[in-house]
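The lines below spell out each chain.
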Amino acid sequence: MTYGTISTINQYNTQFTFVSFYSKNSQYLDHCQYCEDCFACSGLKKKRFCIFNQQYSEEEYMRLKAKIVEHMKKTGEWGQFLPPELSPFGYNETVAQEYFPLTGGEVARRGWKWHADTESQTSNYQGPRVSLSVDIKDVPDDMTEKILVCERTGKPYKIIPHELALYRQHRLPLPRVCFDERHLERIRRRNPRKLWTRSCMKCGKSIETTYSPDRPETVYCESCYLKEVY
Ligand SMILES: [Zn+2]
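Residues numbered from 1 in each chain as written. Predicted model: local features only at pLDDT ≥ 70, side-chain atom pairs only at ≥ 80, totals over all residues. Heavy atoms only, no water.

K.L.:
Run through the side chain of S20, naming residues and quoting values.
P.N.:
Relative to the elements of secondary structure, S20 occurs in strand 4 (residues 18–21). There is a polar contact of 3.3 Å between the side chain of S20 and the backbone nitrogen of H31. Among the polar contacts listed, one links the side chain of S20 to the backbone nitrogen of C32, at a separation of 3.1 Å. For S20, the residues in contact, after removing those within four places along its chain, are S7, T8, I9, Q11, L29, D30, H31 and C32. (Helix = DSSP H or I, 4+ residues; strand = E, 2+ residues; numbered from the N terminus. Polar contact = N/O pair within 3.5 Å; in protein donor to acceptor, adjacent residues only side chain to side chain. Contact = heavy atoms within 4.5 Å.)

Below you can see the structure in the form of structure tokens.
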């Protein structure tokens, strides 16, 4: 009976909660634990009958909550997760941008935040430039104290000691692009969050798949796939 939650453990009858654990019969919790019958609260532990972090009697709680829900039904907010316009982060700083990329203009038209300065601030690094050795065996230990500059975006980045140990173990060269760029490269290897209608390449049945029709892979329907694999 949990619906519309992000990051949760052991909840019962909770809706629209964020990073809240072991709570029940509550809505719109943010970072709450072991709460019961709470509404729109943040950072509470072991509380009951609270609204906006304020303690009420059971009767007051029920009356006030019903009133708020009634109002939210009129505004169309009831039944929805917290709206993006309340987020302190820019859309381009969140994983939403990785899965559903939008331009700054598209985000502004929806009334959401876009933090353009997160890009420009970090790409204006003026410190000394470190040249990277081609071979990992020539990389000194103090490389983990240096600030490196991404060859693609100009963003500064660092190598941490565990990372350097791993590159040495596998005899891999140090990365020349920053963490964010490497992350994006990995994300691009995943299929897009989009379904195409195409035919099974064995039986011809119509199927929906994340593999676009112009891709080279062999794509089967589920039953043909299972017959082939098992
Ligand atoms: Zn088939």
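K.L.:
Mind laying out a nonpolar patch on the surface, listing which residues take part and the relevant values?
P.N.:
On the surface, a nonpolar cluster with roughly 470 Å² of combined accessible area is contributed by Y225, L226, V229 and Y230. With respect to the helices, strands and loops of the structure, Y225 is situated in helix 7 (residues 222–229). (Patch = residues over 30% accessible without salt bridge, like charges linked within 9 Å, V, L, I, M, F, W, Y side chains within 5 Å. Areas by Shrake-Rupley, 256 points an atom, 1.4 Å probe, with all protein chains shown as cover. Salt bridge = Lys/Arg side-chain N within 4 Å of Asp/Glu carboxyl O.)

K.L.:
Residues and numbers for the nonpolar core, please.
P.N.:
The nonpolar side chains of a soluble globular protein tend to be buried, and buried together. In this structure, Y157 and L174 are the most contacted members of the largest nonpolar core, which totals 13 residues. In terms of nonpolar packing, the next biggest core, distinct from the first, is built from 10 residues, Y28, F39, Y56 and V69 among them. (Core = buried A, V, L, I, M, F, W, Y, C linked by side-chain atoms within 4.5 Å. Buried < 20%, exposed > 50% of the residue type's maximum accessible area, 1.4 Å probe, protein only.)

K.L.:
An account of helix 5 (residues 161–169) is needed here, citing residue identities and associated values.
P.N.:
Looking at helix 5, one finds that the buried residues are E163, L164 and Y167. Here the buried residues of helix 5 occupy an arc of 100 degrees about the axis, which is enough to place them on one side. Facing away from the buried side of helix 5 by more than 90 degrees, the exposed set consists of P161, H162 and Q169. Considering only its buried residues, helix 5 is in contact with helix 6 (179–189). Downstream of helix 5 by a residue or two, R171 has a phi angle that is positive, lying close to 55 degrees. (Arc of directions from axis to C-beta.)

K.L.:
Explain unusual backbone geometry to me, and be specific about the residues and the numbers.
P.N.:
We note that N13 has phi near 50 degrees; this positive angle belongs to a residue other than glycine. Topologically, N13 is positioned in strand 3 (residues 12–15). The phi angle at A40 is positive, at roughly 55 degrees, despite the residue not being glycine. Here A40 lies in strand 6 (residues 36–42).

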